[in-house]
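The residues making up each chain are set out below.
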Amino acid sequence: MSWHDRPDDEAFAALDSHAEGLSTEEAERRLEDVGANEITSEEGRGAVEVLVSQFASGLVLVLVGAAVLSVAVGHLVDAVLITVILLANGVFGFVQEYRAERSLEALRELAAPSVVVYRDGERREIDITAVVPGDVLVLEGGDAVPADARVVESSSLQVDEASLTGESAPVEKSTGTVESGTPLAERTNMVYRGTAVTRGRGEAVVVGTGMDTEMGTIAAELSAAETRLTPLQRDLDRLGRRIGVGVVVLSTFVVAFLLFRGTELLSAALTAISLAVAAIPEGLPAVVTLTLALGVQRMADENALVRTLPAVESLGAVDVVCTDKTGTLTEGRMHVARLWVHDEVIDEGFDPDDDRVGTLLRVGALCNDADEERGEPTERALYEAAAEAGIDIAALRGENPREDEVPFSSDRKRMATVHADRVRVKGAPEVILDRSTRVLTADGVEDLTDGTRERVRERVDSFADDALRVLGFAYKPTEEGGDPEEDLVFVGLQGLIDPARPEVADAIAETHAAGIAVKMITGDDRRTARAIGREVGIESDVLTGTDLDAMDDAELRERVEDVDIYARTTPSHKVRILRALQDGGRTVAMTGDGVNDAPALKNADVGIAMGVRGTDVAKQASDIVLLDDNYATIENAIRRGRTIFDNLWKFVAYLLSANLAEVLLVFVASLFGYLVLPAVQLLWINLLTDGLPALALGVDSASDDVMRREPRESAGGIIDRAMATLMGGVGLTATVVLLGVMFLALDGAPAVTPYVMSMVFTGFVVFEFAKLYVVRWARGTPPLTNRWLAATVLASFGLHLSVLYTPLNRYFGTVPLTVGDWGFLAAALAVALPGFLGVAWYVRRSTREGRTA
């Protein structure tokens with residue numbers, strides 16, 4: 001039911017209420033019928049849910065299967081190692097995500113605990129949850145609006161609706177009716193839950209509470225939104241399924257082949273287990289989690305709180321950022337940006353010693369209720385403009401005490417204050433101009449001619465075209481008598497704006513250079529949206545909410561790619577825009593701070609909420625919360641996400657090339673009847689080389705061109721053509737060379753001995769350490785820039801020596817190697833390196849040319 005288009009008496013009648021409010025008995029009855037005035041919001045994830053989510057992936061299930069199989073055939077050491085890896089992965093992920101949830105709780109804003117209403121004809125202060133439809137609210141400056149309500153009395157009542165509609169300036173509220181179909185942002189006779197009264201007072205009859213409010217509608221839409229998997233989650237799940245199927249097929253084939261050749265069942269089963277262990281990247285979940293966790297820590301240092309680890313990597317795939325304007329691209333406060341005094345525009349350096357400028361600023365400061373600490377945004381801006389110009393406002397007001405005033409109203413569109421010497425007036429330019437007969441010029445007060453009036457109107461239009469809110473100012477000597485608001489001396493104009501953040505233009509330029517489109521979606525009008533867009537570097541046609549309503553989804557999908565500015569939008573418009581982009585294959589990040597942003601934040605691939613100005617609803621719906629509300633932090637976050645993806649790419653390429661070599665070696669050797677690497681040695685290789693060294697890859701710095709590349713295609717998966725080429729080339733090279741090492745070490749022996757195992761085992765470890773640097777170089781990372789990598793390689797190599805030269809070797813089936821053996825392995829590495837580097841060079845070159853990226 002619409003309430004803005006019906007007279008007050010009809011609204012009261014439909015609600016079975018009246019201006020004196022409800023009786024206590026009737027209010028209690030309604031409270032039982034409609035329920036408490038509460039928003040059913042999405043609860044934060046509890047500790048158990050966060051912990052369980054760490055093990056919900058296909059790859060983890062494959063590892064669990066490997067552990068169970070190891071226990072079944074008596075390989076308890078293997079099972080223990082796999083279990084330890086799984087638990088480590090879960091603990092690291094749990095700690096990071098649970099910490100983020102608790103940090104978010106600390107950011108939540110508390111709702112207003114009480115509100116004043118009429119009950120039994122008297123004013124009563126009641127709990128906000130006890131408000132019911134039909135209650136008559138008493139609203140004053142500083143109050144939070146507790147429910148949706150129809151205004152029935154207004155005295156200079158203004159409400160800040162930025163959190164709901166995106167309007168940067170407070171909205172003047174009035175009584176009377178508004179045409180049916182008027183957009184929410186223009187319903188001047190309605191107030192909405194979650195907004196705030198900035199000045200004046202008024203009364204309003206409640207028409208909706210709890211989930212029946214505009215905020216409740218948004219909360220319901222959030223609850224219905226599906227949780228989207230990030231690109232990394234999709235990649236890892238897909239990889240886990242493929243590895244699981246591959247392990248089953250390969251192991252089945254090997255067991256059948258060996259049994260056909262007459263091999264004993266136990267020996268065939270041990271070979272199959274070795275193949276399974278070789279194929280499964282046990283360290284992948286843990287290192288991915290730790291890499292993301294390290295990224296989270298760095299982002300926290302850069303004022304970005306990450307709620308879920310995979311969201312960090314998702315930033316690397318973002319190719320569209322949809323952003324609100326108010327408080328995100330702009331500072332979220334009004335500021336006097338430009339003055340007009342007789343035939344002169346002043347953009348900066350307001351000089352109060354200039355009689356025209358000084359008079360204009362002083363009128364703005366005296367005809368004003370703001371002070372150093374309080375005031376509605378427009379009056380605060382006028383106060384600050386005078387103060388920043390060097391005017392001592394306390395002294396000015398002390399010398400010119402206010403004797404009387406005529407308050408601002410939407411009907412009058414002006415405010416006047418009476419002082420001993422003059423009446424000061426401010427208001428809508430056309431209203432002030434119509435009541436002026438004179439103008440203050442550089443030569444003093446002169447008659448206001450038609451030509452001057454026309455020039456003022458032209459200047460008002462030009463200010464408005466630049467997204468400035470324009471006010472006119474005038475005065476009249478008190479001694480002249482008569483109507484204090486007629487026969488005025490027109491002083492000039494002040495143009496106010498919610499200014500763009502100074503760093504936003506550069507941040508948007510960086511995102512554009514990275515191939516990322518930036519789309520501004522705001523509740524402000526078309527002209528303001530276009531002007532702010534032009535200032536921050538978003539040039540585009542403008543579509544309004546009305547335009548969007550006239551389009552079906554198919555037409556919107558065609559237009560959405562080319563249009564970057566959307567004005568006068570509602571929450572449902574934002575979601576439609578996002579869905580149109582996602583239907584076109586786009587990976588979308590949504591930034592915002594208001595209640596109106598929450599549905600889009602929830603539905604976006606990455607939702608980014610503002611932590612300072614952001615509402616609790618927006619924070620709960622987001623993946624990332626910016627603790628400083630700084631748009632430049634978004635660009636830094638995208639840079640960090642791309643760097644993390646680069647590091648994950650290097651690790652996965654490194655890991656899977658090793659697993660491929662292990663599988664091929666074990667498989668080919670089994671065809672000749674040799675079990676060259678038992679499961680415990682393969683697990684040690686994976687744990688040793690995929691542990692500390694792989695973590696060191698996670699702290700690699702960003703490459704110079706990380707923000708000069710096109711966004712990666714999230715649908716293509718982390719294993720792209722470049723990685724497949726690198727994995728295949730490096731893995732095959734390592735397999736061939738290590739098979740040579742095995743056969744030379746066998747020297748014609750009929751069975752694999754501990755010495756042969758030790759040579760191949762150690763050769764794998766040495767090759768893996770070399771491949772760390774090869775993979776980094778293939779991705780464009782200079783080989784010697786990561787000191788942590790060198791340290792971890794040395795530490796891991798020391799650990800490997802312990803299983804060769806200490807009593808631990810009996811658990812691994814190894815024997816000490818001689819100096820000659822080490823020389824032989826060095827020669828084998830020298831043979832393999834040209835193959836490694838050749839493949840890496842091809843991948844590096846072709847990736848830069850865009851053929852395999």
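Residues numbered from 1 in each chain as written. Predicted model: local features only at pLDDT ≥ 70, side-chain atom pairs only at ≥ 80, totals over all residues. Heavy atoms only, no water.

> How would you explain the sheet that holds strand 22 (residues 588–592) if you had to name every residue and give the values?
Here we have 8 strands laid out as an open sheet, ordered 8-24-23-22-9-19-21-20, and mixed in their pairing. Each of the sheet's edge strands pairs with one partner strand only, and the pair in question is strand 8 (304–306) and strand 20 (542–544). Put simply, the sheet's adjacent strands are angled 20° from each other on average, direction ignored. Two elements, strand 23 (residues 606–610) and strand 24 (residues 624–626), share 3 bridges in a ladder whose sense is parallel. Counted as the bridge partner of Ile 608 is Ile 624 from strand 24. Contacting strand 19 (517–521), strand 20 and strand 21 (565–567), helix 18 (residues 526–536) runs over the sheet at an angle of about 150° to strand 21. (Pairing = 2+ DSSP bridges. Helix = DSSP H or I, 4+ residues; strand = E, 2+ residues; numbered from the N terminus. Axes fitted to C-alpha atoms, helices over the stretch in contact; angles between N-to-C directions. Contact = heavy atoms within 4.5 Å.)

> Give a detailed account of the pairing of strand 9 (residues 320–323), specifying residues and quantitative values.
Burial of the side chains of strand 9 extends over both faces: Val 320 and Cys 322 are buried on one face and Val 321 and Thr 323 on the other. Of the strand pairs in this sheet, strand 9 and strand 19 are connected by 4 bridges, and their pairing is parallel. Within the sheet, the bridge partner assigned to Val 321 lies in strand 19 and is Val 518. (Buried < 20%, exposed > 50% of the residue type's maximum accessible area, 1.4 Å probe, protein only.)

> Describe the nonpolar core, listing the residues and the values that go with them.
Grouped together as the largest cluster of nonpolar side chains are 140 residues, with contacts concentrated most on Ile 624, Tyr 631, Leu 677, Leu 726, Met 742 and Phe 767. For this core, the element with the most residues is helix 24 (residues 631–671), which contributes 21 residues. In contact with Leu 726, not counting residues within four places along its chain, are Trp 649, Ala 653, Gly 731, Val 775, Ala 778, Val 839, Ala 840 and Val 843. (Core = buried A, V, L, I, M, F, W, Y, C linked by side-chain atoms within 4.5 Å.)

> Provide a residue-level description of the packing of aromatic side chains, including the pertinent values.
Using the criterion set out here, one finds 9 aromatic pairs in the structure. Between Phe 253 and Phe 257 the ring centres are 6.2 Å apart and the planes differ by 20°, which places this aromatic pair in the stacked class. Here Phe 253 pairs with Phe 257, and both are found in helix 8 (residues 231–260), just 4 residues apart, close to one helical turn. By relative accessible area, which is 44% here, Phe 253 ends up partly exposed. Between the aromatic rings of Trp 684 and Phe 812, the centroid separation amounts to 5.2 Å while the plane-to-plane angle is 65°, which identifies the pairing as edge-to-face. Placement of Trp 684 in helix 25 (residues 679–689) and of Phe 812 in helix 30 (residues 809–812) is noted, with a sequence separation of 128 residues between them. For the pair Trp 684 and Phe 812, one class covers both residues: buried. A connected cluster of aromatic rings, assembled from ring pairs, spans Phe 253, Phe 257 and Phe 667. Lying over the aromatic face of Trp 3, Arg 6 brings its terminal NZ or CZ to 5.1 Å of the ring centre. Directly above the ring of Tyr 475 sits Arg 422, whose terminal nitrogen or CZ lies 3.9 Å from the centroid. (Phe/Tyr/Trp six-rings, centres within 6.5 Å; stacked < 30°, edge-to-face > 60°. Lys NZ or Arg CZ within 6 Å of the ring centre and 35° of its normal.)

> Could you give an account of the packing of helix 24 against helix 28 (residues 754–778), with specific residues and numbers?
Packing of helix 24 against helix 28 leaves a shortest axis separation of 10 Å and a crossing angle of 150°. Taken together, the axes of helix 24 and helix 28 are roughly antiparallel relative to one another. For the crossing formed where helix 24 meets helix 28, the hand is right-handed. Contact with helix 24, carried on its side by Lys 650, Ala 653, Tyr 654, Ser 657, Ala 658, Ala 661, Glu 662 and Leu 665, involves Val 760, Phe 764, Glu 768, Lys 771, Leu 772, Val 775 and Arg 776 of helix 28 and no other residues of that element. (Parallel < 35°, antiparallel > 145°, perpendicular 65-115°, else oblique. Left-handed = near helix turned anticlockwise from the far one by under 90°.)

> How would you summarise the pattern of salt bridges if you had to cite specific residues and measurements?
Counted according to the given criterion, the structure contains 49 salt bridges. A salt bridge links Arg 586 to Asp 319, with the shortest nitrogen-to-oxygen separation between them at 3.8 Å. You can see Arg 586 sitting in the loop between helix 21 (571–583) and strand 22 and its partner Asp 319 sitting in the loop between helix 11 (310–314) and strand 9, a full 267 residues away along the chain. Its relative accessible area of 13% is what places Asp 319 among the buried residues. For Arg 455, the salt bridge identified is with Asp 343, shortest N-O distance 2.9 Å. In this pair, Arg 455 is assigned in helix 16 (residues 450–465) and Asp 343 in the loop between strand 10 (335–341) and strand 11 (344–346), connecting sequence segments 112 residues apart. Among the charged side chains, a network of salt bridges with common partners joins Arg 199, Asp 369, Glu 379, Arg 402, Glu 405 and Lys 426. (Salt bridge = Lys/Arg side-chain N within 4 Å of Asp/Glu carboxyl O.)

> So what's going on with helix 28? Which residues, and what values?
In a regular helix each residue adds 1.5 Å, so 25 residues correspond to 36 Å; helix 28 covers 35 Å between its end C-alpha atoms and thus fits that length. The largest bend in helix 28 comes to about 25°, at Lys 771. Of all 25 residues that make up helix 28, 21 are buried, and the element is covered over most of its length. Residue Gly 780 follows helix 28 closely and has a positive phi angle near 90°. (Expected span 1.5 Å × (residues − 1). Bend = angle between axes of the 7 residues up to and from the residue.)

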